[in-house]
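Below, each chain spelled out in residue letters.
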Amino acid sequence: GENVEQHPSTLSVQEGDSAVIKCTYSDSASNYFPWYKQELGKRPQLIIDIRSNVGEKKDQRIAVTLNKTAKHFSLHITETQPEDSAVYFCAASNSASKIIFGSGTRLSIRP
Amino acid sequence: DAGITQSPRHKVTETGTPVTLRCHQTENHRYMYWYRQDPGHGLRLIHYSYGVKDTDKGEVSDGYSVSRSKTEDFLLTLESATSSQTSVYFCAISETPGTGGDKLFFGSGTQLSVL
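Residues numbered from 1 in each chain as written. Chains lettered and ligands numbered in written order. Predicted model: local features only at pLDDT ≥ 70, side-chain atom pairs only at ≥ 80, totals over all residues. Heavy atoms only, no water.

### With respect to the pattern of salt bridges
So, point 1. In the structure shown here, the tally under the stated rule is 7 salt bridges over all chains.
So, point 2. One salt bridge connects A:Lys37 with A:Glu39, and the closest N-O pair in it is separated by 3.6 Å.
So, point 3. Exposure remark for A:Glu39: the relative accessible area of 34% places this residue in the partly exposed category.
So, point 4. A salt bridge links B:Asp73 to B:Lys70; the nearest nitrogen and oxygen atoms lie 3.3 Å apart.
So, point 5. Judged by its relative accessible area of 40%, B:Lys70 falls in the partly exposed class.
So, point 6. Via salt bridges that share partners, B:Arg22, B:Lys70 and B:Asp73 belong to a single interconnected network. (Salt bridge = Lys/Arg side-chain N within 4 Å of Asp/Glu carboxyl O. Buried < 20%, exposed > 50% of the residue type's maximum accessible area, 1.4 Å probe, protein only.)

If you want it as C-alpha cells, here you go:
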C-alpha cells in the first residue's frame, strides 16, 4: 500500500523567512496530494492541494510542487508569519479512496 | 465548518473493556474515515467507508472494527481496549475521492485514554 514520508519532523524559521517541507510517496498510482494544517488543539484543515497532472500550484504565500518522476512533493511557505506556526501534514491518495498521511512537521516561527 | 460531530469528546476506560466512538455527519457525504493521531506518527488511517455497509481496512486496523448502517453515522469499536490504543481519534468525511471531491473535513476529535 501507499507509504508517505515527511521531512523534517520539526522546523524553526525566522519570521519573514521561507519554510519548505518535503514528502515522498511510494504508490505511483497516487494522483492527489493535499496539505493540511493543524493548529494546537484544533482539527486538521486543508490549506492547499495538487493533482498529478499539475506541477505547481500557488495560493498567496503558499505553494506546492510535485515531481511525479521522483515521487516527491513539497510545501513552500514564503514570508512566514507567527500564525503559520502549526503542524503540517502532507498526504497522498489514488481514486481508491485511501488517503494516507505523512508523520507531520511542527513549524515554529521565531519573532 | 462541515456538519460533523464526534462523541464522546473525551473518554477514560480500562484495559479489556469495549469502547465505541461515534461519528455523525449532516452533509450526506458518501465517504467517512477514522484516523488516529499519535506523536511522531501523524494521522494513521484505521478504517474507512465508501457507503452504507461498505467499509475497508486502513493502515492500522488490527484491534478495531467499524460499522455504517446509515449514511450519517460511522461507528468505531475497540473490542477489548489496550493501552496502545490510547490516542486522539479523528473522524473525517469527504464527497467523492478521485473526482474532485477529495477534501477531507475533520471532526473535533476524541481523546481516548486506556488505563
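### Some thoughts on the environment of B:Tyr50
Residue and element names in this part refer to chain B.
So, point 1. Inspection of the secondary structure assignment puts Tyr-50 in strand β5 (residues 42-51).
So, point 2. On the basis of relative accessible area, Tyr-50 is assigned to the partly exposed category, the value being 29%.
So, point 3. Counting along the chain gives 45 residues from Tyr-50 to Glu-95, while the straight-line C-alpha distance between them is 9.5 Å.
So, point 4. Ignoring anything within four residues of it in the chain, the contact list for Tyr-50 reads Arg-30, Tyr-31, Thr-55, Asp-56 and Arg-68. (Helix = DSSP H or I, 4+ residues; strand = E, 2+ residues; numbered from the N terminus. Contact = heavy atoms within 4.5 Å.)

### Some remarks on the state of the cysteines
All names here are of chain A.
So, point 1. According to the stated counting rule, one finds 2 disulfides over all chains in the structure shown.
So, point 2. A sulfur-sulfur distance of 2.0 Å marks the disulfide that ties Cys-23 to Cys-90. Around the S-S axis, the bridge from Cys-23 to Cys-90 shows a dihedral of about -100 degrees and counts as left-handed. With Cys-23 in strand β3 (residues 19-25) and Cys-90 in strand β9 (residues 86-93), this pair connects stretches of sequence that are 67 residues apart. Both residues of the pair, Cys-23 and Cys-90, belong to the buried class. (Disulfide = S-S within 2.5 Å.)

### Some thoughts on unusual backbone geometry
Excluding glycine, residues mostly have negative phi values, and the peptide bonds linking residues are mostly trans.
So, point 1. With an omega dihedral of -5 degrees, the bond running from A:His7 to A:Pro8 counts as a cis peptide bond.
So, point 2. With respect to the secondary-structure elements, A:Pro8 resides in the loop between β1 (4-7) and β2 (10-14).
So, point 3. Cis rather than trans, the peptide bond between B:Ser7 and B:Pro8 has omega equal to -5 degrees.
So, point 4. Following the sequence through the fold, B:Pro8 ends up in the loop between β1 (4-7) and β2 (10-13).
So, point 5. The backbone phi angle of A:Gln60 is positive, close to 60 degrees, even though this residue is not glycine.
So, point 6. Classification of A:Gln60 by relative accessible area gives exposed; the value is 79%.
So, point 7. Notably, A:Lys71 is not glycine yet its phi reads approximately 55 degrees, a positive angle.
So, point 8. Here A:Lys71 lies in the loop between β7 (62-67) and β8 (72-77).
So, point 9. Relative accessible area serves as the criterion here: at 26%, A:Lys71 is assigned to the partly exposed category.

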